[in-house]
Amino acid sequence: MKKILFWTLAVLITFSAIIYQRKTGPTYDKKVDINIEGTEYKFKLVRSHGGESDCQVVINIPDKTVTGELMYRVFPTKNEWAVVKMKRLDDVLSASLPNLPPAGKYEYKIDLEKDGKTYSLNNGYPVIIRFKGDVPTSVLIPHVILMFIAMFLGNLAGIMALFKEPNFKLYTKLTFWTLLVGGLIFGPWVQWHAFGEAWAGVPFAWDLTDNKTLVAFIFWLLALLMNRKKERPAYTVVAAIIMLIIYSIPHSMYGSQLDPETGEIIQGWIRIFW
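Residues numbered from 1 in each chain as written. Predicted model: local features only at pLDDT ≥ 70, side-chain atom pairs only at ≥ 80, totals over all residues. Heavy atoms only, no water.

**Q** For this particular structure, what's the right way to read the pattern of salt bridges?
**A** For side chains bearing opposite charge, pairing can occur when the charged atoms are close. Going through the model one piece at a time under the given rule, you end up with three salt bridges. Residue Lys 114 pairs with Asp 63 through a salt bridge whose shortest N-O separation is 2.9 Å. Within this pair, whereas Lys 114 is found in strand β9 (residues 105-114), its partner Asp 63 is found in the loop between β4 (55-60) and β5 (67-75), the two being separated by 51 residues in sequence. Judged by relative accessible area, which is 10%, Lys 114 ranks as buried. Of the residues examined, Asp 63 reaches a relative accessible area of 21% and is grouped as partly exposed. For Lys 64, the salt bridge goes to Asp 91, with nearest N and O atoms at 3.2 Å. (Salt bridge = Lys/Arg side-chain N within 4 Å of Asp/Glu carboxyl O. Helix = DSSP H or I, 4+ residues; strand = E, 2+ residues; numbered from the N terminus. Buried < 20%, exposed > 50% of the residue type's maximum accessible area, 1.4 Å probe, protein only.)

Below is the structure:
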């Protein structure tokens with residue numbers, strides 16, 4: 001019964017983290033809604049685009065009397081807003097954002113109009129979109145899967161260590177090696193494809209995603225070493241807590257950003273809630 005409880009808790013914590021990441025990450029689509037003359041509409045505004053093509057901003061709105069305008073400018077700048085009339089095709093209004101180099105960003109807004117009245121999506125606040133290179137699924141999928149497996153194993157190891165279950169040492173080892181492969185091998189590989197640099201954490205830069213991975217790895221390395229000859233469950237518990245804290249920080253915060261003046265990739269805070 002203990003083992004079933006341990007595994008159940010680990011699964012619940014892991015899936016809670018997955019859901020949280022999907023809701024808070026600044027590169028996931030921004031969910032917005034608006035009421036137009038009594039009709040409620042819900043949209044998803046894109047906040048990440050990969051590849052060399054322009055980014056299509058698309059909203060589904062069947063009311064053909066509704067028109068729209070897309071306004072955008074390079075972020076972060078105080079440039080004038082470029083304004084593009086959205087085109088309608090059946091139930092869809094769309095407009096394109098010109099492609100930017102990897103880590104380049106726009107901020108954009110959408111105004112809808114019906115019968116002379118304007119309706120601003122997202123309460124008029126701009127949405128930030130970041131461009132990136134194409135990441136092969138053969139690289140991205142293993143990275144994502146391994147990182148969440150590492151979290152699950154870390155949760156399981158931490159729970160077992162908390163209750164001094166002897167198997168915690170095995171799961172400490174499994175967490176360490178899974179994190180090593182998923183975070184420090186596949187992670188930089190993803191970063192290279194997306195932004196042309198394999199590592200943007202310390203000591204080279206301050207990319208928060210890379211640094212979070214490094215901190216988690218150090219704590220799990222410490223837990224692994226301290227439990228080699230003697231059982232010291234406290235180190236595994238601490239490593240598990242640190243990993244949970246790290247996974248509570250939205251993915252891609254303080255991520256790679258193209259400096260529009262120098263053309264160099266730097267780091268910068270992404271406005272999560274806009």
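Next comes the rest of the description.
**Q** What should I look at first to understand a positive patch on the surface in this one?
**A** Residues Arg 22, Lys 23, Lys 31 and Lys 44 make up a contiguous surface patch of positive charge. When you line up the elements, Lys 44 lands in strand β2 (residues 39-45). We classify Lys 44 as exposed; its relative accessible area is 52%. (Patch = residues over 30% accessible without salt bridge, like charges linked within 9 Å, V, L, I, M, F, W, Y side chains within 5 Å. Areas by Shrake-Rupley, 256 points an atom, 1.4 Å probe, with all protein chains shown as cover. Lys, Arg positive; Asp, Glu negative; His and termini not counted. Charge placed at Lys NZ, Arg CZ, Asp CG, Glu CD.)

**Q** Looking at this structure, I do not really get the environment of Gly 50. What am I missing?
**A** Position of Gly 50 relative to the elements: it lies in strand β3 (residues 48-50). For the pair Gly 50 and Asp 134, spaced 84 residues apart in sequence, the C-alpha separation works out to 5.0 Å. Beyond its immediate chain neighbours, meaning those up to four positions away, Gly 50 contacts Lys 132, Gly 133 and Asp 134. (Contact = heavy atoms within 4.5 Å.)

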